[in-house]
Amino acid sequence: MNNGLKKYILLLVVVFLSAGAQAQCAMCRAALESSDSGIKPEAVNDGIVYLMAFPYILVGLVGFAVYKLRKKKTAKAE
């Protein structure tokens, strides 16, 4: 398979997966716009950022661990 074709397919997959992720915003907006809810918009935004940070931290830690293991393996091979 061509390298350019792989990148194009990956781009399409990422675009289609991110389109589904935006569907949850309507629920948050409805909860914040209702007059009887006591939820502050700042609290909802802080919660979203809090929940969003952990996957990035985990991916970063796994990537760092893989990098260190590969670096150690190449240093040992030399």
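Residues numbered from 1 in each chain as written. Predicted model: local features only at pLDDT ≥ 70, side-chain atom pairs only at ≥ 80, totals over all residues. Heavy atoms only, no water.

Participant: Outline the overall build of the chain, supporting the account with residue identities and numerical values.
Facilitator: Looking only at helices and strands, the chain features 3 helices and 0 strands. Going residue by residue from the N terminus, the α and β elements of the chain occur as α-α-α. By residue count, 1% of the 78 residues in the chain fall in the buried class. With an accessible surface of roughly 7300 Å², the chain has 69% of that area assigned to carbon and sulfur atoms. (Helix = DSSP H or I, 4+ residues; strand = E, 2+ residues; numbered from the N terminus. Buried < 20%, exposed > 50% of the residue type's maximum accessible area, 1.4 Å probe, protein only. Areas by Shrake-Rupley, 256 points an atom, 1.4 Å probe, with all protein chains shown as cover.)

Participant: Give me the packing of aromatic side chains: which residues, what numbers.
Facilitator: According to the stated counting rule, one finds 1 aromatic pair in the structure shown. Note on tyrosine 50 and phenylalanine 54: the rings are 5.1 Å apart at their centroids and 85° apart in plane angle, and the pair reads as edge-to-face. Taken as a pair, tyrosine 50 and phenylalanine 54 lie in helix H3 (residues 41-77) at a separation of 4 residues, close to a single helical turn. (Phe/Tyr/Trp six-rings, centres within 6.5 Å; stacked < 30°, edge-to-face > 60°.)

Participant: Go over a nonpolar patch on the surface with me, naming the residues and quoting the values.
Facilitator: On the surface, Leu5, Tyr8, Ile9, Leu12, Val13, Phe16 and Leu17 cluster together to form a nonpolar patch covering roughly 680 Å² of accessible area. Relative to the elements of secondary structure, leucine 17 occurs in helix H1 (residues 3-21). We classify leucine 17 as exposed; its relative accessible area is 62%. (Patch = residues over 30% accessible without salt bridge, like charges linked within 9 Å, V, L, I, M, F, W, Y side chains within 5 Å. Salt bridge = Lys/Arg side-chain N within 4 Å of Asp/Glu carboxyl O.)

Participant: Residues and numbers for a positive patch on the surface, please.
Facilitator: Among the surface-exposed residues, Lys68, Lys71, Lys72 and Lys76 lie close enough to one another that they form a single positively charged patch. Within the secondary structure, lysine 76 is located in helix H3. According to the relative accessible area criterion, lysine 76 is exposed, its value standing at 71%. (Lys, Arg positive; Asp, Glu negative; His and termini not counted. Charge placed at Lys NZ, Arg CZ, Asp CG, Glu CD.)

Participant: Residues and numbers for the confidence of the model for the chain, please.
Facilitator: Averaged over every residue, the pLDDT of the chain is 79; residues scoring 70 or more account for 81%. Across the chain, element-level confidence peaks in H3 with a mean pLDDT of 88 and bottoms out in helix H2 (residues 25-33) with 71. (pLDDT = per-residue confidence, 0-100.)

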